[in-house]
Amino acid sequence: MGFIDLRSDTVTQPTDEMRQAMYKAQVGDDVYRDDPTVNRLEELVAREMGKEAALFTASGTMANQVAVMTHTRRGDEIILGEKSHIYTYEVAGIAYLAGVQTALVSETDGSMDPKVVQAKVRAKDIHFPETSLICMENTHNRAGGMVVPLDVMKEIHAIGEMHSIPVHLDGARIYNAATYLKVKAEEIARYCDTVNVCLSKGLCAPIGSVLAGSREFIERARKFRKMVGGGMRQVGIVAAAGIVAVEKMSKRLQQDHDNAMLLAKGLNEIEGVSVDLEKVQTNLIMVDFGGTGLNGIQVAKRLKENGILINGSTAPVVRFATHYYITESHVNNAVQTINRVIKE
Ligand SMILES: *Cc1c(COP(=O)(O)O)cnc(C)c1O
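These figures come from a predicted structure and were not determined experimentally.

J.: Looking at this model, I keep getting lost on the overall build of the protein. Mind explaining?
T.: When helices and strands are tallied, the protein shows 14 helices and 13 strands. Scaling as 2.2 N^0.38, a compact globule of 344 residues should have a C-alpha radius of gyration of about 20 Å, and the protein matches this with 20 Å. Each principal axis of the C-alpha distribution contributes one length, and for the protein these read about 60 × 55 × 35 Å. By the burial criterion, 55% of the 344 residues in the protein qualify as buried. Counting contacts in the protein only where the partners sit at least 6 residues apart, residues at least 24 apart contribute 74% of the total. Split by element, the accessible area of the protein, about 15,500 Å² in all, is 50% carbon and sulfur.

Pasting the structure below:
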């Protein structure tokens, strides 16, 4: 029997429908823009996000990095959440590739305070760098999948507009945010100039993200994507799965959210284990094993011996992720198993 894999929603494998679509995909050389399936995916995501154009990339990291490179010039400064994926998990690419420095803003439940963002905008002064980009993240990964409210996004976008500073949204899980808010993705993306959408997380595609924005922006971004080695050839093979991800898998995420809540409630009942249920909004939950005296590595080891995978660190708090391949019975099994093994 396979493991119950709660490490991440990136462990999802392509569905049968995706594999069929990949098998049958019409393809061409995408550097020549000859791949009809890539073109169809890019048009689809542009429409979904309410933007003029879009660009398929190999990963979410590539989409974010290309976005920063396209929006900025070397020596600029960008306003960025201190716990954002772009700052935390992208190998300092923004420094190395884009040559920008960061003005960090701390987040509360994934949201930056608009007043603090405003205060970070640099005045015109010979000593100062130009502030050339504001980045947001929704849902927020390190905040345990919490959703940035639309009024916060609106306010930060307005600050950007007032100073002619574009806003990029790391919308790796924008469809989870849209599901939680019960709005279309474009209602979120309207508060940014460009947005990255990941196809390979809860949406189950094997590879890829899409960067959406204005036609002029995407034309320039296409060149930066080429520069970092992201000009791919018959990549419609992969884009075909992405079309299924957007058209179909984006519409079933409530199920993952319901399972996450079920898991959170079950774990919260266990002595020594706590989950702040108020903060469980989407498919990620933060579980605190502090009261058991075990850290994440110790919990992960015991669970692995019992058929369950999580990513534990030396901290007592562990992120669990639900996804397409986690059912209600997996959740019940996981809760029972965790209850048993932490007492051993
Ligand atoms: C996963 C993730 C990314 C990067 O995507 P990769 O495809 O893993 O490079 C970017 N931002 C957020 C918020 C993510 O969760």
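J.: For this particular structure, what's the right way to read the site of the ligand?
T.: Around the ligand, the structure places 13 residues, and the nearest of them are Gly 60, Thr 61, Asp 170, Arg 173 and Lys 201. One nitrogen or oxygen atom from the side chain of Arg 173 is found 2.9 Å from an oxygen atom belonging to the ligand. Interatomic distance of 2.8 Å between a side-chain N/O atom of Lys 201 and an oxygen atom of the ligand. Counting residues per element, the shell around the ligand draws most heavily on helix α3 (residues 60-71), which supplies 3 residues. By residue class, the composition of the shell around the ligand is 2 nonpolar, 6 polar and 5 charged.

J.: I would appreciate a short explanation of the packing of aromatic side chains in the present structure.
T.: In this description, an aromatic ring pair is defined by two values, namely the gap between the centres and the angle between the planes. According to the stated counting rule, one finds 2 aromatic pairs in the structure shown. Seen from the ring of Phe 128, Arg 122 lies directly overhead, with NZ or CZ sitting 5.1 Å from the centre.

J.: Honestly, empty space enclosed by the protein in this entry has me stumped. Any pointers?
T.: Within this structure, the stated rule accounts for 3 cavities of 30 Å³ or more. Volume-wise, the largest cavity comes out at about 70 Å³. The wall of the largest cavity is formed by Gly 81, Ser 84, Glu 107, Gly 110, Ser 111, Met 112, Cys 135, Met 136, Glu 137, His 140, Val 148 and Ile 156.

J.: Is there a simple way to explain the nonpolar core in this structure?
T.: Generally speaking, soluble globular proteins have nonpolar side chains that are buried together. Counting residues in hydrophobic clusters, the biggest one holds 56 residues, and the most contacted among them are Leu 41, Met 49, Ile 174, Tyr 175 and Val 195. If you look at the next biggest cluster of nonpolar residues, it comprises 28 residues, including Ala 264, Ile 285, Leu 294 and Val 318.

J.: So what exactly am I meant to see when it comes to the layout of surface pockets here?
T.: Picture a little ball the size of a water molecule; that probe, rolled over the atoms, points out where space is still empty. Approximately 700 Å³ is the volume attributed to the largest pocket. Of all elements in the fold, only β11 (284-288) and β13 (317-321) reach the threshold of two or more residues within the lining of the largest pocket. The dominant element in the lining of the largest pocket, judged by the number of residues it contributes, is β11, at 4 residues. Grouping the amino acids of the lining of the largest pocket by side-chain chemistry returns 11 nonpolar, 11 polar and 11 charged.

J.: Explain helix α10 (residues 215-227) to me, please; I cannot follow it from the model alone.
T.: Turn by turn, an α-helix covers 3.6 residues, leaving residues three or four places apart pointing in a common direction. Relative to the 18 Å expected for 13 residues at 1.5 Å per residue, α10 spans 19 Å between its end C-alpha atoms, a close match to the ideal helical length. Along α10, the positions that sit buried rather than exposed are Phe 217, Ile 218, Ala 221, Arg 222 and Arg 225. Along the long axis of α10, the arc covered by the buried residues comes to 145 degrees, so they all point the same way. Exposed residues on α10 whose side chains face more than 90 degrees from its buried face are Lys 223 and Met 227. Elements in contact with the buried residues of α10: α2 (36-49), β2 (53-57), α3, β9 (194-198) and β10 (209-213).

J.: Can you help me understand the sheet that holds strand β7 (residues 131-137) in this one?
T.: Across a sheet, strands are paired by hydrogen bonds formed along the backbone, either parallel or antiparallel in direction. Taken together, 7 strands build an open sheet; the order of strands is β2-β10-β9-β8-β7-β3-β4 and the sheet is mixed. The open sheet terminates on both sides in strands that have one partner only, identified here as β2 and β4 (101-105). Put simply, the sheet's adjacent strands are angled 20 degrees from each other on average, direction ignored. Summarising the sheet, β2 and β10 pair through 5 bridges and their orientation is antiparallel. Bridge pairing links Phe 56 to Val 210 in β10.

J.: Would you take a moment to explain the domain arrangement of the protein for this structure?
T.: You'll often see interface size given as the accessible area lost when the parts meet. According to the domain assignment, the protein consists of domain 1 (14-249) and domain 2 (252-341). Inter-centroid distance (C-alpha atoms) of domain 1 to domain 2 is 29 Å. At the interface, 20 residues of domain 1 touch 13 residues of domain 2. Buried surface at the junction of domain 1 and domain 2, summed over both partners, amounts to about 1,600 Å²; 54% is from carbon and sulfur atoms.

Criteria and thresholds
Residues numbered from 1 in each chain as written. Predicted model: local features only at pLDDT ≥ 70, side-chain atom pairs only at ≥ 80, totals over all residues. Heavy atoms only, no water. Helix = DSSP H or I, 4+ residues; strand = E, 2+ residues; numbered from the N terminus. Rg over C-alpha atoms; globule rule 2.2 N^0.38 Å. Buried < 20%, exposed > 50% of the residue type's maximum accessible area, 1.4 Å probe, protein only. Contact = heavy atoms within 4.5 Å. Areas by Shrake-Rupley, 256 points an atom, 1.4 Å probe, with all protein chains shown as cover. Near = heavy atom within 4 Å. Polar contact = N/O pair within 3.5 Å; in protein donor to acceptor, adjacent residues only side chain to side chain. Nonpolar A, V, L, I, M, F, W, Y, C, P; charged D, E, K, R; others polar. Phe/Tyr/Trp six-rings, centres within 6.5 Å; stacked < 30°, edge-to-face > 60°. Lys NZ or Arg CZ within 6 Å of the ring centre and 35° of its normal. 1 Å grid on protein atoms, 1.4 Å probe; cavity = no way out; pocket = protein on both sides within 12 Å on 5 of 7 lines; lining within 4 Å. Points joined across faces, edges and corners; volume = space filled by probe spheres on them. Core = buried A, V, L, I, M, F, W, Y, C linked by side-chain atoms within 4.5 Å. Expected span 1.5 Å × (residues − 1). Arc of directions from axis to C-beta. Pairing = 2+ DSSP bridges. Axes fitted to C-alpha atoms, helices over the stretch in contact; angles between N-to-C directions. Domains from an automatic or database assignment. Buried area = accessible area lost by both parts, 1.4 Å probe.

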